[in-house]
Amino acid sequence: MPKEARPSTGEQAKQHALAQLRQAILHGEMAPAQRLVENELAEQFGVTRASIRAALIDLEAQGLVERIRNRGSRVRVVTVEEAVAITECRMVLEGLCAAKAAVLADDDQLAELTELGTAMTKAVADGEPVTYSELNQELHAKVREFSGQRTAVDLLERLNAQLVRHRFQLALRPGRPQQSLNEHLAMIEAIRARDPQAAETAVRAHLTSVIEALRD
């Protein structure tokens, strides 16, 4: 949005700042523990400090920012143990979504999952871990979407946002994409077979593997 077209005050300005800050954190443009200086951010996004402050409060509620008394705000650092705890919660919710998707997904949606599996296999074969990681996230997002379980989806979006740094580190770990690929293909196959129990079991097996990798 051109600077002159940006709303500088009010709810629209807060939402603009919120969207920009959230994207920067999720894309790794703002590192864990990085200080978030209200004056600098207000100038960067063309809004008031009040709009930035309101956006930071929302991001704190989402678990992406922490506000430290007398020291301002910074990008929240998620420890390994927190990442494990979050992944344990994901296991329940993602398993539910996979089971629902196995029942509710139509043929076109199942074809989308199959295509993603093929693309993930190619990315691993070509040695492209970043591409694989992006496809990995797309697969999980599609399964959540096809589940129709809106409450679980909302909860998972918040949980997953806190795992950005750990997810990126795992994607670059030698051998991890190859191991993860087989787990994802098992998820896809179970959903395509319209077997909700097998789909949930596959998701739990995959996320158990993620927890083991986080702790290594």
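Located above this text is the structure these notes cover.
Small disclaimer: the values here were computed from a predicted structure and weren't measured. (Residues numbered from 1 in each chain as written. Predicted model: local features only at pLDDT ≥ 70, side-chain atom pairs only at ≥ 80, totals over all residues. Heavy atoms only, no water.)

A. Region of interest: the nonpolar core. L113, L139, V143 and I191 are the most contacted members of the largest nonpolar core, which totals 40 residues. Elements that contribute at least two residues to this core include exactly α4 (80-104), α5 (107-125), α6 (129-147), α7 (150-161), α9 (176-192) and α10 (196-215). The dominant element in this core, judged by the number of residues it contributes, is α4, at 9 residues. Counting residues in each nonpolar core, the second largest holds 20 residues, with A13, M30, A55 and V65 among its members. (Core = buried A, V, L, I, M, F, W, Y, C linked by side-chain atoms within 4.5 Å. Buried < 20%, exposed > 50% of the residue type's maximum accessible area, 1.4 Å probe, protein only. Helix = DSSP H or I, 4+ residues; strand = E, 2+ residues; numbered from the N terminus.)

B. Examining helix α1 (residues 10-26) more closely. Between its first and last C-alpha, α1 extends 24 Å over 17 residues, near the 24 Å set by a 1.5 Å rise per residue. Along α1, the residues classified as buried are A13, K14, H16, A17, L18, L21, A24 and I25. Where α1 is buried, its residues meet α2 (38-45), α3 (49-61), β2 (65-68), β3 (72-75) and α8 (164-171). Note on α1: the residue one or two positions beyond its end, G28, has a positive phi of about 75°. (Expected span 1.5 Å × (residues − 1). Contact = heavy atoms within 4.5 Å.)

C. Region of the structure containing the pattern of salt bridges. All chains considered together, the criterion is met by 18 salt bridges. Across the pair R144 and E94 runs a salt bridge, and its minimum N-O distance is 3.5 Å. Remark: E94 occurs in helix α4 and R144 occurs in helix α6; sequence separation between them is 50 residues. Each member of the pair R144 and E94 is classed as buried. Note that R194 is salt-bridged to D107, the shortest N-O span being 3.4 Å. Here the residue R194 occupies a position in the loop between α9 and α10, and D107 occupies one in helix α5, the gap between them amounting to 87 residues. Taken together, the shared-partner salt bridges in this structure form one network comprising E11, K14 and D58. (Salt bridge = Lys/Arg side-chain N within 4 Å of Asp/Glu carboxyl O.)

D. Broad picture of the packing of α5 against α9. Between α5 and α9, whose axes approach to 10 Å, the crossing angle comes to 165°. Relative to α9, α5 is oriented roughly antiparallel. Handedness of the α5/α9 crossing: left-handed. Contacts from L110, L113, T114, G117, M120, T121 and V124 of α5 reach α9 at P177, Q178, L181, H184, L185, I188, I191 and R192. Counted by class, the contact of α5 with α9 contains 9 nonpolar, 5 polar and 1 charged residues. (Axes fitted to C-alpha atoms, helices over the stretch in contact; angles between N-to-C directions. Parallel < 35°, antiparallel > 145°, perpendicular 65-115°, else oblique. Left-handed = near helix turned anticlockwise from the far one by under 90°. Nonpolar A, V, L, I, M, F, W, Y, C, P; charged D, E, K, R; others polar.)

From the geometry alone we can't say anything about function, so treat these as descriptive.
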